[in-house]
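Summary of the model geometry
One-letter residues, chain by chain:
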2 protein chains.
Amino acid sequence: MSKELKIGLFGFGTVGRGLFELLRDVPTANVNIKKICVRDITRDRGITADFTDSPDDIFNDPEINFIVELIDDADASFDIVSQALTKKLPVVTGNKKMLAHKLPKLIELQKKYGTTLLYDASACGSIPVIRNLEEYYDNDLLISVKGILNGSSNFILSKIFNENMSHGDALRLASDEGFLESNPSLDLDGWDSLFKLVIIGVHAFGVYVDPDKVFNYGITNMNDDDIRFSREKDRRIKLVAHVEKLADNRLVMCVIPQLISKNKYIYSVEDEFNGVVIKGLFYDKQFMFGRGAGARPTSSAVLSDITASLYDYKYEYKKLNHSSSLPQFSDDISFRLYVRYNGPVDLGLLHFDEIYESYSSKGYNYIVSRVSLKSLHSAREALNARKVFLAAYPAD
Amino acid sequence: MSKELKIGLFGFGTVGRGLFELLRDVPTANVNIKKICVRDITRDRGITADFTDSPDDIFNDPEINFIVELIDDADASFDIVSQALTKKLPVVTGNKKMLAHKLPKLIELQKKYGTTLLYDASACGSIPVIRNLEEYYDNDLLISVKGILNGSSNFILSKIFNENMSHGDALRLASDEGFLESNPSLDLDGWDSLFKLVIIGVHAFGVYVDPDKVFNYGITNMNDDDIRFSREKDRRIKLVAHVEKLADNRLVMCVIPQLISKNKYIYSVEDEFNGVVIKGLFYDKQFMFGRGAGARPTSSAVLSDITASLYDYKYEYKKLNHSSSLPQFSDDISFRLYVRYNGPVDLGLLHFDEIYESYSSKGYNYIVSRVSLKSLHSAREALNARKVFLAAYPAD
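Each chain has its residues counted from 1, running along the sequence as written. For this description, chains carry letters from A and ligands carry numbers from 1, given in the order in which they are written. In keeping with the model being predicted, local features are shown solely for residues with a pLDDT of at least 70 and side-chain atom pairs are shown and tallied solely at 80 or more, while totals for entire chains, interfaces and linings include all residues. Derived side-chain values reflect all non-hydrogen atoms in the structure, with water molecules and hydrogen atoms excluded from consideration.

Structural notes on the packing of aromatic side chains
Which entries qualify depends on this criterion: Pairs were defined over the aromatic rings of Phe, Tyr and Trp, the Trp ring being its six-membered one, requiring ring centres within 6.5 Å. Orientation was assigned from the angle between planes: stacked under 30 degrees, edge-to-face over 60, tilted for the rest. When accessible area is computed with a 1.4 Å probe and restricted to protein chains, residues below 20% of their type maximum are described as buried, those above 50% as exposed, and intermediate ones as partly exposed.
By the definition in use, this model includes 48 aromatic pairs over all chains. A centroid spacing of 5.6 Å and a plane angle of 50 degrees characterise the contact between Tyr359(A) and Tyr364(A), whose relative ring orientation is tilted. You can call Tyr359(A) partly exposed: its relative accessible area is 37%. By relative accessible area, Tyr364(A) is classed as buried at 7%. Judged by centre distance (5.8 Å) and plane angle (40 degrees), the ring pair of Phe287(B) and Phe289(B) falls under tilted. The class for Phe289(B) is buried, based on a relative accessible area of 7%.

So, in structure tokens, the structure goes:
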């Protein structure tokens, strides 16, 4: 290793600034930020650095040999990342939305131009989940990856369940702490978890699934009745992302609130933490746990991607490239579900495989039933519009 | 990847057989066991395989291009591993005792012959702790690695604390479950944890510390009074291995029982599980958790080392090779300690920096004090001979 990375950094939001401060406070040999591209160059950011508002200033700087892309906008992110790859500049990105939509194209570009793209920071903040799936769980033992992938919604749920905070207060606090995306629906409606799950699916099972095909549902519609129901059952509501290879080689994926009982690892994942349970043959279950939101944990993950590049580390996409029988995505699977509705909702929206419980009262009604992912997916918009709350409710 | 591994396997004990069964039950592309070297070739093992009792049968087989060494004896293990490296045969080993004593020599051999040695299975059963330290926590942010590294002693402690089992019954159960080494002192007196900690130290901080220099103390002397004391304080006793880089760049290491309070991650690591807390600047704390003992988890870790070799993965020993200011090992550090003694023990053995509490009664006496690791280390044999029990007792 005698390489020296001169970084062109795109974006100076929470994570970009976090990375800048990290490298200032803990100097890392052979890693330097040379130029920073921001939208508004006139803003005083209180630091001395070489700012520009023109991407070309970075791409045409012959000294810059490494790109770090940490901007919010998915389309612009894709432009930058694909341009970097095309110009044979190795690049690190944290944009999960962009990755979830563009991974096949980006894998193709990496191959075509022999350039490296790393994005461990995109998936679980500081937990090296991609790297571990890629490098360590690279054999056929892996069965499922399940976890809490969104720190912000988990923070809110923790405040509600542990500190009896109201939904509204918890939301405001999460916002004050800087945990929420500029568009909170990304966090609260499960989109952020979904994007991460799509990325995880590629490295866990070698299968890319278009996010549009995957059912996700969030916690926006959750109300006090749902919280009370969960407490009565001695469970907590968590927003869970889940990908699993079934015995018949079908792959199921979804993001959905779940009523979690005490004996589960993720029951104890609190606040803005993420927790991932990796399950496989022979080793059974492993659990990884760490900070999943915030400038400092995420920027430390970006730094790990950068230092890995010093050693020419790259994702091999082992399963995608080498597995002889990749699993096939399917949403034709049903599971036990709590469905809460307030008013006169026509539940004919859903095709129930079986109804286990049904409760009605003025303003609070629920059904515990078996429903397929496919049926949920096609009814999602309608359910959401009617403020119906859904949560997986395994019998345990 | 078009390589095919034809493995010469040394040892067919718990883990060797586990690996054989794993590859039989979950066939892995391009990985085959060709020959197995065992001590007693006449024993019926109930399987069909090419057994031999001569290492040369493996080393002279021109088809064998990979060695997996899973025997108990540390000296014989070193012979096999160093012979493999010298013959440019990549090798995977699980022998932590051997590694803890011979790592510097083995690193030298890898370099000299350009051959690869992998041993993630040696450190925490199924948790990829070496790989993560090597690959992901490879920057200067890392502060400490602390955890429960021995599944067997943790199993015993769990049975005592959670199921009120007697020390003796718990020991017998651990033995029946196949969790104990053939020499139980390795597990119970902290040697196994120590060996793993030495290996972790190399990959976490780039520093090899001779195990003889590191203080370790186990749970053999723990009695009912200690268990009661711990319960009264609402804590659990765990056997904790700990390596930490202090702000002044000194490195401290030890293995010692600790009175753990409820708010710590490792409080909840139960049974034969291992749990490792990785602490660093910026990302704060991360926690990895998984099965740390038993045939199947360990053999799955061996398989991960084997499949990594298909992709020419090797440890770079990044910190060891590239850090400009490696921390220096020191045992000149003191901490808060519970010291329980029964009879008339001359505690002049220890140099107390400060005594916080002192309790005497017929047959049960303890002191809570501040003592240096150095002082403990020099008194270890004498304390052990007098059945004194020690546990770190942080004020929290």
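Quick look at the interface of chain A and chain B
Note the threshold: Any two residues whose heavy atoms approach within 4.5 Å at even a single point are treated as in contact. Buried surface area refers to the total accessible area, computed with a probe of radius 1.4 Å, that the two partners give up upon joining, counted for both partners together. When a carboxyl oxygen of Asp or Glu is within 4 Å of a side-chain nitrogen of Lys or Arg, the pair counts as a salt bridge. Pairs of N or O atoms are called polar contacts if they sit within 3.5 Å, as long as, within protein, a hydrogen donor faces a hydrogen acceptor (for residues adjacent in sequence, only side-chain-to-side-chain pairs). Here a helix means four or more residues in a row that DSSP labels H or I, a strand means two or more in a row labelled E, and each is numbered from the N terminus.
On the chain B side, the residues contacting the 48 residues of chain A number 48 residues. Ranking the residues of chain A by area buried against chain B places Tyr136(A), Phe282(A) and Tyr311(A) at the top, with a combined share of 22%. Summed over the shared surface of chain A and chain B, the number is two salt bridges. Residues Arg291(B) and Asp284(A) are paired through a salt bridge, measuring 2.5 Å at the closest nitrogen-oxygen approach. The interface formed by chain A and chain B holds nine residue pairs in polar contact (both at pLDDT 80 or more) in total. For the side of chain A that touches chain B, the secondary-structure elements that each account for two or more residues are helix H1 (14-25), helix H6 (129-135), strand E12 (284-291), helix H12 (295-310) and helix H13 (318-322) of chain A. Looking at which element gives the most residues to the side of chain A that touches chain B, the answer is H12(A), with nine residues.

Structural notes on the relation of the copies chain A and chain B
What counts is decided by this rule: Least-squares superposition of the copies uses the C-alpha atoms of those residues scoring a pLDDT of at least 70 in each of them.
When chain A is fitted to chain B, the residual RMSD is 0.0 Å, and the transformation amounts to a turn of 180 degrees plus an axial shift of 0.0 Å. Taken together, the rotation angle and the small translation identify this as a two-fold axis. Within chain A, Met288(A) has its C-alpha nearest the rotation axis, a separation of 2.3 Å. A share of 100% of the interface residues of chain A reappears at the interface of chain B, consistent with the copies meeting face to face through the same patch.

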